[in-house]
Amino acid sequence: MKVILLERIPRLGQMGDTVKVKDGFARNYLLPQGKALRANAENLARFEAERAQLEARNLERKEEAAGVASKLDGNSYIIIRSAGETGQLYGSVSTRDIAETLDQGGFSVAKNQVQLNIPIKTIGLHSVMIMLHAEVEASVTINVARSEDEAERQAKGEDLSKRESDRYAEEEAEEEIDLDEIFENPDEVEIGDEAAAETSEEAEEEATEEENKDEA
């Protein structure tokens, strides 16, 4: 279907452009939301007659969106979800969830304004773009965690997506004794099998000396 755009649509065209789109996209999104008109002589004449008003309305919406973006951009929001040991969610965080979270934070955002290609399925800090207007966007951080305490730790930079056993292993490795910190010359310290072998050799030598004395 060919349509006349009544505002700029990302990756599609500018206001006044006549473009060809899929019928479903036009019927389900562009036409019902007043973003386009069917391309025909009557609607083209209508657009030209209302062009000045449409441009003024678009500018007003853009300025309103810019004002919201200045307050929203850079904000961080916590969403609590159940997850496994590796941080994999038992479910997901969708555009609807994010829109509802922003709404609770005082920003009215429709789920189709949340730019999320696939739902969030792991805990962690996720940067999400919010399209407030065709020419205005804001970036927010969605902090998905299993608890408020974990969300706070993640915000400080801690990675909680590792297995508990992995984290314990790393902690133990960090706590291993460094011989350089205890002895001035750790090479002189005899440890393990080598020390045992040397001790055995010394004992044999002493026994041989004793036998020679007895024979003399």
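Residues numbered from 1 in each chain as written. Predicted model: local features only at pLDDT ≥ 70, side-chain atom pairs only at ≥ 80, totals over all residues. Heavy atoms only, no water.

## Structural notes on the side chain of His126
Phase 1: By the element assignment, His126 lies in strand E8 (residues 124–133).
Phase 2: Reaching out from His126, the side chain makes a polar contact with the backbone oxygen of Thr122 at a distance of 2.9 Å.
Phase 3: In contact with His126, other than residues within four places in its own chain, are Ile120, Val140, Thr141, Ile142 and Val144. (Helix = DSSP H or I, 4+ residues; strand = E, 2+ residues; numbered from the N terminus. Polar contact = N/O pair within 3.5 Å; in protein donor to acceptor, adjacent residues only side chain to side chain. Contact = heavy atoms within 4.5 Å.)

## Some words on the sheet that holds strand E1 (residues 2–5)
Phase 1: The antiparallel open sheet is built from three strands, whose spatial order is E2-E1-E3. The two strands at the open ends of the sheet, each matched to only one other strand, are strand E2 (18–20) and strand E3 (36–38). Sheet twist, expressed as the mean angle between neighbouring strand axes with direction ignored, is 40°.
Phase 2: Relative to the sheet, helix H2 (residues 41–72) contacts E1 and E3, its axis offset from that of E1 by approximately 5°. (Pairing = 2+ DSSP bridges. Axes fitted to C-alpha atoms, helices over the stretch in contact; angles between N-to-C directions.)

## Some thoughts on the sheet that holds strand E9 (residues 136–145)
Phase 1: Spatial strand order, E4-E9-E8-E6: four strands in an open sheet with mixed pairing. Of all strands in the sheet, those bounded by a partner on one side alone are strand E4 (76–80) and strand E6 (114–115).
Phase 2: In terms of strand pairing, E4 meets E9 through five bridges, oriented parallel. Pairing of Ile80 across the sheet is with Ala145, part of E9.
Phase 3: Its contacts with the sheet put helix H3 (residues 95–104) on E4, E6, E8 and E9, and the angle it makes with E4 is roughly 120°.
Phase 4: Contacting E4, E8 and E9, helix H4 (residues 148–155) runs over the sheet at an angle of about 125° to E9.

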